[in-house]
Amino acid sequence: MDILHYSRLQNPTNKLLRPHPRLTVPSTSSSLSLRRFSVRSSLPLPVQNAKYNRELRAAVDAVERACCLCVDVKRSLFTSDGRILEKNDHTPVTIADFGVQALVSLELGKLFPSIPLVAEEDSAFLRSNNLVNSVVNVVTDKASSQDKALTQTDVLEAIDRGGKFGPNPATYWVLDPIDGTRGFLKGSEALYVVGLALVVEGHIVLGVMGCPNWRVDKSNKSTSKISGMIMVAHVGCGTWSKGISDLQNGMNWIKCLVDGYTLVHKGRFCISESQTWESLPLSSSFGSTTNVDNVGVKEVLLLPTCCGSLCKYLMVASGRASVFIQRARDDRVIKVWDHAVGVICVQEAGGKVTDWNGDQLDLAADEVERRALFPPGGILVSNNSLHKEILHIIASNSTVVS
């Protein structure tokens, strides 16, 4: 049984909401590539209600362009030499990662030159592997109109457009160029996400996630042209999703809401690929299974959502999953770009994101660079109904959450 179809059928809130179309993850569509743009993306939010409407519009446009860049690079990934690389930490990375970061930075820099960008990549790796020209080419193809041709210097400076921070609140963008790079490299059916958020005075005020391989079932005639999905959230205005290829009109925005499960063992869980269910404190109360059709009384269902954290946030915000739980580990730093945009998308969809003590994530814990999170215990993402109960189970089965 299709796992996304199952989650829709089992969602107890679906009777009260406009139903989501059945989702599948087919091969990448060419409709996302080889397109030229002008800034024109419609939004589901009334301008008067969205304080950061201008920033959100620019973010949607930048993420859409980035998704199209990813699709084009991915198409040539397995047929061109030099497209798949490894960084020092052995994480697969391609020119798409650098291309997206440069492209988003350039697009946002035109409109908001004083707002710095906190992002995953830096140009040192790109320089050392002689890939600058390749990135310039893919960025030029997807950038909005330029007064002059992009140079290597333009692209390198865009990738490294960071800021200086201190203990005081600040305003800055947070970008994950491709969350789930391993999924990007796996093949056409793997989910990966381009994620962008804006932080103002220590609070996440808007977020945009683009998932090029998320697709609405073509059996639904009204959405048969949708390829890929954009999810947007604005503080106080909710979370919405729409097909990437349908962004130019104001129709078909779907309001996203977390699911309505109230019993832990009925929920649908996502965990990090690097962690096992047995490593989490809930395992002392519940076993786990990936078998959709045979979930035991004392078991929870684990959903396969491929790579990266943002895909799991997207699943929770869209009501496809109930819980995403991640344990903090001494040997791995939790990065802010893996969570920032997901936090506001889930919160505006009616869910909750905290550390294992029930406190909000501290975005300013890394006072110098704003790149790292240090959540006591780990991170818990869920609907409001389950959150308190899961925190109680964590506290009961953990010695000291620190």
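Structure shown above.
These numbers come from a predicted model, not from an experiment.

Parameters at a glance
Residues numbered from 1 in each chain as written. Predicted model: local features only at pLDDT ≥ 70, side-chain atom pairs only at ≥ 80, totals over all residues. Heavy atoms only, no water. Helix = DSSP H or I, 4+ residues; strand = E, 2+ residues; numbered from the N terminus. Buried < 20%, exposed > 50% of the residue type's maximum accessible area, 1.4 Å probe, protein only. Contact = heavy atoms within 4.5 Å. Areas by Shrake-Rupley, 256 points an atom, 1.4 Å probe, with all protein chains shown as cover. Pairing = 2+ DSSP bridges. Axes fitted to C-alpha atoms, helices over the stretch in contact; angles between N-to-C directions. Phe/Tyr/Trp six-rings, centres within 6.5 Å; stacked < 30°, edge-to-face > 60°. Lys NZ or Arg CZ within 6 Å of the ring centre and 35° of its normal. Salt bridge = Lys/Arg side-chain N within 4 Å of Asp/Glu carboxyl O. Expected span 1.5 Å × (residues − 1). Arc of directions from axis to C-beta. Polar contact = N/O pair within 3.5 Å; in protein donor to acceptor, adjacent residues only side chain to side chain.

A. Highlighting the overall build of the protein chain. In terms of regular secondary structure, the protein chain is built from 10 helices and 19 strands. Evaluated residue by residue, the protein chain yields a buried proportion of 59% over its 402 residues. Considering only intrachain contacts with a sequence separation of at least 6, the fraction spanning at least 24 residues in the protein chain is 71%. As presented, the protein chain carries roughly 16,800 Å² of accessible surface, and 50% of it is formed by carbon and sulfur atoms.

B. A look at the environment of Ala-143. Mapping Ala-143 onto the fold places it in the loop between helix H5 (132-142) and helix H6 (152-159). Between the alpha carbons of Ala-143 and Leu-69 there is a distance of 9.5 Å; along the sequence they are 74 residues apart.

C. Main features of the sheet that holds strand E12 (residues 268-271). Pairing is mixed in the open sheet, where six strands are placed in the order E13-E14-E12-E15-E19-E17. The open sheet has two edge strands, strand E13 (287-289) and strand E17 (351-355), and neither has a second partner. If you compare each strand with its neighbour and ignore which way they point, the axes differ by 30° on average. Judged from the two bridges that link them, E12 and strand E14 (residues 299-302) form a sheet pairing that is parallel. Bridge pairing in E14 links Phe-269 to Leu-302. Each of E17 and strand E19 (378-383) touches helix H9 (residues 340-348); the most contacted strand, E17, lies at about 140° to it.

D. Broad picture of the packing of aromatic side chains. For the structure shown, the criterion picks out five aromatic pairs. Between Phe-98 and Phe-125 the ring centres are 5.9 Å apart and the planes differ by 10°, which places this aromatic pair in the stacked class. Remark: Phe-125 occurs in helix H4 (residues 123-128) and Phe-98 occurs in helix H3 (residues 95-111); sequence separation between them is 27 residues. Of the two residues, Phe-98 and Phe-125, both sit in the buried class. Summarising the aromatic geometry, the rings of Phe-165 and Tyr-172 are spaced 5.1 Å apart at their centres and angled 70° between planes, so their arrangement reads as edge-to-face. Taken individually, Phe-165 and Tyr-172 each receive the classification buried, so the pair is uniform in this respect. Geometry around Phe-286 places Lys-298 over its ring, the cationic atom sitting 5.0 Å from the centre.

E. Quick peek at H9. Buried residues dominate H9, accounting for eight of its nine residues. Within the span of H9, buried status applies to Ala-340, Val-341, Gly-342, Val-343, Ile-344, Cys-345, Val-346 and Glu-348. Remark: Gly-350 follows H9 within two positions and exhibits a positive phi of approximately 100°.

F. Focus on the pairing of strand E15 (residues 323-327). Within E15, four of the five residues are buried, which leaves it mostly tucked inside the rest of the structure. With three bridges joining them, E12 and E15 adopt parallel strand pairing. Residue pairing in the sheet places Phe-269 in a bridge with Val-323 of E15.

G. Layout of the pattern of salt bridges. If you walk through the whole model with that rule in mind, you get 10 salt bridges. Connected through salt bridges with shared partners, the residues Asp-61, Arg-65, Glu-107 and Lys-110 form a single ionic network.

H. Just helix H10 (residues 384-397), in detail. A rise of 1.5 Å per residue sets the reference length of H10, with its 14 residues, at 20 Å; its end C-alpha atoms lie 21 Å apart and thus fit the reference within 8%. Among all positions of H10, only Leu-386, His-387, Ile-390, Leu-391, Ile-393 and Ile-394 are buried. The buried residues of H10 all sit within an arc of 160° when viewed along its axis, so they share a single face. Seen from the open side of H10, the exposed residues pointing more than 90 degrees away from its buried face are Lys-388, His-392 and Ala-395. Its buried side turned inward, H10 meets E12, E15, E17 and E19. By the N-cap criterion, in which a side-chain oxygen at the helix start approaches the backbone nitrogen of a residue two or three places on, H10 is capped by Asn-383, the distance to Ser-385 being 3.0 Å.

I. Focus on the environment of Arg-320. Mapped onto the elements of the fold, Arg-320 is located in the loop between helix H8 (310-317) and E15. C-alpha of Arg-320 to C-alpha of Leu-257: the two residues are 63 residues apart in sequence and 9.6 Å apart in space.

J. Main features of the pairing of strand E10 (residues 238-243). In terms of residue burial, E10 counts as a mostly covered element, since six of its six residues are buried. What you see with E10 is no split at all: Gly-238, Trp-240 and Lys-242 on one side and Thr-239, Ser-241 and Gly-243 on the other are buried throughout. Pairing analysis gives six bridges linking strand E9 (residues 229-234) to E10, with the strands arranged antiparallel. Bridge assignment links Ala-233 to a residue of E10, and that residue is Thr-239. Hairpin connection between E9 and E10: a loop of three residues separates the two successive antiparallel strands, and Gly-236 in this loop has a positive phi of roughly 80°. Two elements, E10 and strand E11 (residues 254-256), share three bridges in a ladder whose sense is antiparallel. Residue Ser-241 lies in a different strand from E11, and its bridge partner there is Ile-254.

K. Looking closely at the sheet that holds E9. The seven strands are arranged E4-E5-E6-E7-E9-E10-E11 in an open sheet whose pairing can be described as mixed. A strand with exactly one partner marks an edge of an open sheet, and here the two such strands are strand E4 (117-119) and E11. When the angles between neighbouring strand axes are averaged without regard to direction, this sheet yields 20°. Here six bridges tie strand E7 (residues 203-211) to E9, and the two strands are oriented antiparallel to one another. Opposite Val-208, over in E9, you have Val-232 as the bridge partner. Strands in contact with H3 are E4, strand E5 (172-179) and strand E6 (193-200); relative to E5, the strand with the most contacts, it is inclined by about 155°.

By themselves these figures say nothing about function.
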